[in-house]
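Secondary and tertiary structure notes
Letter by letter, the chains look like this.
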Amino acid sequence: MRLVAALGVLLFAASAQAQQTISLPKPLVADAFKKADCDVEIDEVIKDLEFAGDLTAGLKLVEVSCWRAAYNFGSILFAVNPKEPAKARLLRFKTLGEGGKLIDTYQLSSPSYDEKTKRLGSAHKGRGIGDCGSVGEWQWRGKDFVLTRSWNKDECDGESFEVDELPDRYLVYPPKQKQQKKK
């Protein structure tokens with residue numbers, strides 16, 4: 001009986017967290033939309049913001065839809081103190097640009113957040129079957145997310161692009177250390 005009651009409490013807590021809503025002022029989101037070059041209708045997305053999870057120090061991670069395409073979607077993310085939503089901060093992420101240089105972006109493709117590890121992931125398919133594209137992983141460091149790993153597969157060749165299966169195969173960040181030649 002205690003086990004059933006304990007499971008009920010856990011399920012209720014998980015359900016309450018999933019249903020938690022945080023509203024952000026429309027002008028704040030509109031400013032973020034301009035910075036991130038979002039193209040969805042702001043009134044459509046602002047009423048149903050997604051609570052992604054707890055960060056640290058009372059901050060919550062809130063996801064706002066930014067764009068939609070055939071098999072990808074993009075979001076912007078905010079660090080929000082629920083007591084002061086007008087002070088929500090649009091998060092910026094380092095990602096790999098042309099030539100492997102780190103660049104800043106405000107939007108991530110298909111983001112996912114693991115609240116326990118404080119890791120944020122992003123996956124962008126190069127085409128629908130997902131055999132090419134890019135994947136990124138960021139770690140929360142108390143104030144911002146820091147890029148920890150990035151994978152890229154340009155060739156859409158029908159072969160799987162699952163970074164969990166072969167984590168080193170398409171890893172492009174951090175750069176692989178060149179092997180020193182033995183004398």
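Notes on the structure follow. (Residues numbered from 1 in each chain as written. Predicted model: local features only at pLDDT ≥ 70, side-chain atom pairs only at ≥ 80, totals over all residues. Heavy atoms only, no water.)

1. Examining the overall build of the protein chain
Of the regular secondary structure elements, the protein chain holds three helices and 12 strands. When each of the 183 residues of the protein chain is scored for burial, the buried share is 34%. Counted over contacts in the protein chain with a minimum sequence separation of 6, partners at least 24 positions apart contribute 44%. Total accessible area on the protein chain is roughly 12000 Å²; 52% of this is exposed by carbon and sulfur atoms. (Helix = DSSP H or I, 4+ residues; strand = E, 2+ residues; numbered from the N terminus. Buried < 20%, exposed > 50% of the residue type's maximum accessible area, 1.4 Å probe, protein only. Contact = heavy atoms within 4.5 Å. Areas by Shrake-Rupley, 256 points an atom, 1.4 Å probe, with all protein chains shown as cover.)

2. Some words on the nonpolar core
Grouped together as the largest cluster of nonpolar side chains are 22 residues, with contacts concentrated most on Leu24, Val29, Phe33, Val64, Ile76, Phe78 and Val80. Once residues within four sequence positions are removed from consideration, valine 64 is found in contact with Leu24, Val29, Phe33, Val45, Leu49, Gly74, Ser75, Ile76 and Phe78. Leu77, Leu108, Trp138 and Leu147 belong to the second largest nonpolar core, which has 13 residues in total. (Core = buried A, V, L, I, M, F, W, Y, C linked by side-chain atoms within 4.5 Å.)

3. Description of the pattern of salt bridges
Summed over all chains, the structure comprises 13 salt bridges. Here aspartate 157 makes a salt bridge to lysine 153, at a shortest N to O gap of 2.6 Å. Note on aspartate 157: relative accessible area 31%, which makes it partly exposed. (Salt bridge = Lys/Arg side-chain N within 4 Å of Asp/Glu carboxyl O.)

4. A closer look at the sheet that holds strand S12 (residues 171–173)
The strand order across the open sheet formed by five strands is S8-S9-S10-S11-S12, and the pairing between neighbours is antiparallel. Here the strands that pair on one side only, and so sit at the sheet edges, are strand S8 (112–114) and S12. Recorded for the sheet is a direction-independent mean angle of 20 degrees between the axes of neighbouring strands. Bridge count between S8 and strand S9 (residues 119–125): three bridges; the pairing is antiparallel. For tyrosine 113, the partnering residue across the bridge sits in S9 and is leucine 120. (Pairing = 2+ DSSP bridges. Axes fitted to C-alpha atoms, helices over the stretch in contact; angles between N-to-C directions.)

5. Let's talk about the environment of glycine 133
If you trace the backbone, glycine 133 turns up in strand S10 (residues 133–140). Taking the C-alpha atoms as reference, glycine 133 lies 5.9 Å from asparagine 152; in sequence the two are 19 residues apart. When sequence neighbours within four positions are dropped, the list of residues in contact with glycine 133 reads His124, Lys125, Gly126, Trp151, Asn152, Lys153 and Phe161.

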